[in-house]
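Understanding the architecture of this molecule
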Amino acid sequence: LPAKLNPTIRSLMNAVRGEENVTLQERAGRALARLLDLCQSRKPCPNDKVIRNVCASACDSRVPLMRADLSQVEHEAVLAKRGGETAICSIAKHFGETLFDSLSRLWELSCG
């Protein structure tokens, strides 16, 4: 892994949150899951911040009910929510039974 992960994480998060193509959004989610796995032993570890941002996207309350005429902001919120949910599913599949042991922040955010 490169010494500075911010550009890599930023690119993946942008794809997770804003990619129109569902397939590409899913691929970004899988890549993010693999990156989180690789970063577990890294000091400082970016995983808590990444998980917090993914969960914030998945729980975005700005997403409107089904409407045909979305504003640009609403459309972006729909993409971000879908991407956050997709990323969480990819992360859960990647980590399997070790999910909450490996990413305890996800457990904390899930249970309040």
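Description of the structure in this document. (Residues numbered from 1 in each chain as written. Predicted model: local features only at pLDDT ≥ 70, side-chain atom pairs only at ≥ 80, totals over all residues. Heavy atoms only, no water.)

1. Some words on the overall build of the chain
Across its full length, the chain holds six helices and zero strands. Reading the chain from its N terminus to its C terminus gives the helix and strand order α-α-α-α-α-α. For 112 residues, the compact-globule formula gives about 13 Å, and the C-alpha radius of gyration of the chain, at 14 Å, lands near that figure. Counting only C-alpha atoms and orienting by the principal axes, one finds that the chain spans roughly 45 × 30 × 20 Å. Expressed as a percentage of its 112 residues, the buried residues of the chain come to 33%. Taken as a whole, the chain presents about 7,100 Å² of accessible surface, with 54% of it coming from carbon and sulfur. Considering the chain, the positive charge centre built from 16 side chains and the negative charge centre built from 13 side chains are found 7 Å apart. (Helix = DSSP H or I, 4+ residues; strand = E, 2+ residues; numbered from the N terminus. Rg over C-alpha atoms; globule rule 2.2 N^0.38 Å. Buried < 20%, exposed > 50% of the residue type's maximum accessible area, 1.4 Å probe, protein only. Areas by Shrake-Rupley, 256 points an atom, 1.4 Å probe, with all protein chains shown as cover. Lys, Arg positive; Asp, Glu negative; His and termini not counted. Charge placed at Lys NZ, Arg CZ, Asp CG, Glu CD.)

2. Let's talk about the packing of aromatic side chains
Counting across every chain of the model gives one aromatic pair. Relative to Trp107, the ring of Phe100 has its centre 4.9 Å away and its plane inclined at 70°; by these criteria the two rings are edge-to-face. For Phe100, a relative accessible area of 36% corresponds to the partly exposed category. (Phe/Tyr/Trp six-rings, centres within 6.5 Å; stacked < 30°, edge-to-face > 60°.)

3. Comments concerning the pattern of salt bridges
One pass over the structure, following the stated rule, counts two salt bridges. Glu85 is paired through a salt bridge with Lys81; the nearest N and O atoms lie 3.8 Å apart. Taken together, the positions of Glu85 and Lys81, both in helix H4 (residues 72-95) and four residues apart, correspond to about one turn of that helix. (Salt bridge = Lys/Arg side-chain N within 4 Å of Asp/Glu carboxyl O.)

4. Thoughts on the layout of surface pockets
In this structure, the largest pocket spans a volume of roughly 310 Å³. The wall of the largest pocket is formed by 15 residues, among which Asn6, Ile9, Pro46, Lys49 and Val50 lie closest to the centre. If one sorts the elements of the lining of the largest pocket by residue count, helix H1 (residues 6-18) sits on top with five residues. Each residue belonging to the lining of the largest pocket can be placed in one class, and the counts come to eight nonpolar, two polar and five charged. (1 Å grid on protein atoms, 1.4 Å probe; cavity = no way out; pocket = protein on both sides within 12 Å on 5 of 7 lines; lining within 4 Å. Points joined across faces, edges and corners; volume = space filled by probe spheres on them. Nonpolar A, V, L, I, M, F, W, Y, C, P; charged D, E, K, R; others polar.)

5. So, the packing of H1 against H4
Between H1 and H4, whose axes approach to 6 Å, the crossing angle comes to 115°. Classed by the angle they form, the pair H1 and H4 counts as roughly perpendicular. Here Val16, Arg17 and Gly18 of H1 come into contact with H4, specifically with Glu76, Leu79, Ala80, Gly83, Gly84 and Ala87. Tallied by class, the residues present in the contact of H1 with H4 amount to four nonpolar, three polar and two charged. (Axes fitted to C-alpha atoms, helices over the stretch in contact; angles between N-to-C directions. Parallel < 35°, antiparallel > 145°, perpendicular 65-115°, else oblique. Contact = heavy atoms within 4.5 Å.)

6. Examining the side chain of Ser90
In this structure, Ser90 sits in helix H4. When sequence neighbours within four positions are dropped, the list of residues in contact with Ser90 reads Glu26, Gly29, Arg30 and Ala33.

Function-wise, these values are silent; they only describe arrangement.
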